[in-house]
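# Working through the structure, step by step
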Amino acid sequence: MNRKVERRMMTVMGIWQIIDGLVTILYFGFYKLAPLSGKMGAQVSEQAIQSLNSSMFTLTCTFGSLLIGLGIFNLVTVKRYLKDGQRAKKFGLLFLGQGLFSYFVLDIPSMLIGIVTGVVYFAKNKALKQAGLIKKQVGLEQE
């Protein structure tokens, strides 16, 4: 049984997480926390240094980096390890775990894609297992 659906869904999730991480860092980290008060000269550079060293900026950039890292991890996992016909439970648990993580950080698109992909993965595992049992039973009857 091929894993084309799971690969496509996890590729979309990986791309979405990379875009989401970049938006988090660029928009919420630099634009929202940057000095946009209209002050001139030394006050602007002083305020910029304070905002770049703030804990909110650090938290925002760390969270954005985490999202980018998860997106890259998903793309690598899909490309290298998610093969047709394999029945490893670890990938289904990984997809469901990422969906649960996305639920807690309120990333609704990633949550939906992760949970749906995990459920589809486990359903195909069940079908592969039953197909293997049927083949074994048919093979025994023919002998």
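Structure report, in brief. (Residues numbered from 1 in each chain as written. Predicted model: local features only at pLDDT ≥ 70, side-chain atom pairs only at ≥ 80, totals over all residues. Heavy atoms only, no water.)

Contact geometry for helix α1 (residues 4-31) and helix α3 (residues 55-80): axes closest at 8 Å, N-to-C directions at 160 degrees. Comparing the axis directions of α1 and α3 gives the class roughly antiparallel. For the pair α1 and α3, the sense of crossing is left-handed. When grouped by side-chain class, the residues that make up the contact of α1 with α3 number 17 nonpolar, 11 polar and 2 charged. (Axes fitted to C-alpha atoms, helices over the stretch in contact; angles between N-to-C directions. Helix = DSSP H or I, 4+ residues; strand = E, 2+ residues; numbered from the N terminus. Parallel < 35°, antiparallel > 145°, perpendicular 65-115°, else oblique. Left-handed = near helix turned anticlockwise from the far one by under 90°. Nonpolar A, V, L, I, M, F, W, Y, C, P; charged D, E, K, R; others polar.)

All right, on to the pattern of salt bridges then. Scanning the entire structure with this criterion turns up 2 salt bridges. Linking Glu6 and Arg3 is a salt bridge whose minimum nitrogen-to-oxygen distance equals 3.1 Å. Residue Arg3 is classed as buried on the basis of its relative accessible area, which comes to 0%. Of the charged contacts in the structure, one is a salt bridge between Lys124 and Glu6, with a shortest N-O distance of 3.3 Å. Linking Lys124 in helix α5 (residues 108-142) with Glu6 in helix α1, this pair joins segments that are 118 residues apart in sequence. (Salt bridge = Lys/Arg side-chain N within 4 Å of Asp/Glu carboxyl O. Buried < 20%, exposed > 50% of the residue type's maximum accessible area, 1.4 Å probe, protein only.)

Here the focus is helix α4 (residues 89-104). With 16 residues, α4 should reach 22 Å at 1.5 Å per residue; the first-to-last C-alpha distance of 23 Å fits that figure. Of the positions making up α4, those classed as buried are Phe91, Gly92, Phe95, Gln98, Gly99 and Ser102. The buried residues of α4 occupy an angular sector of 130 degrees when projected down its axis, which confines them to one face. Opposite the packed face of α4, turned more than 90 degrees from it, sit the exposed residues Lys89, Lys90, Leu93 and Phe104. Phi for Leu106, located one or two positions after α4, is positive at around 60 degrees. (Expected span 1.5 Å × (residues − 1). Arc of directions from axis to C-beta.)

What follows covers the packing of aromatic side chains. Applying the stated criterion across every chain yields a total of 5 aromatic pairs. With a centroid separation of 5.5 Å and 65 degrees between ring planes, the pair formed by Tyr103 and Phe104 is classed as edge-to-face. In this structure Tyr103 comes out as partly exposed when scored by relative accessible area, which is 46%. The exposure class assigned to Phe104 is exposed, which follows from its relative accessible area of 61%. Consider the rings of Tyr121 and Phe122, whose centres lie 6.4 Å apart with planes at 75 degrees: the pair is edge-to-face. One aromatic cluster is present, built from ring pairs that chain together Phe91, Phe95, Tyr121 and Phe122. Stacked on the ring of Tyr121, the Lys or Arg Arg3 has its end atom at 4.0 Å from the ring centre. (Phe/Tyr/Trp six-rings, centres within 6.5 Å; stacked < 30°, edge-to-face > 60°. Lys NZ or Arg CZ within 6 Å of the ring centre and 35° of its normal.)

Time to look at a nonpolar patch on the surface. The grouping of Ile15, Trp16, Ile19, Val23, Tyr27, Phe28 and Tyr31 at the surface amounts to a nonpolar patch, some 640 Å² of accessible area in total. As for its position among the elements, Ile15 is in helix α1. Residue class for Ile15 comes out partly exposed when judged on its relative accessible area of 42%. (Patch = residues over 30% accessible without salt bridge, like charges linked within 9 Å, V, L, I, M, F, W, Y side chains within 5 Å. Areas by Shrake-Rupley, 256 points an atom, 1.4 Å probe, with all protein chains shown as cover.)

Here the focus is the nonpolar core. Met9, Met10, Met13, Val78, Leu82, Phe91, Phe95, Ile113 and Tyr121 form the largest nonpolar core, which has 9 residues in total. Looking at this core, the element that brings in the most residues is α1, giving 3 residues. Excluding residues within four positions of it along the chain, Phe95 makes contact with Met10, Leu82, Gly114, Ile115, Thr117, Gly118 and Tyr121. (Core = buried A, V, L, I, M, F, W, Y, C linked by side-chain atoms within 4.5 Å. Contact = heavy atoms within 4.5 Å.)

Everything listed is a geometric property; what it means functionally is a separate question.
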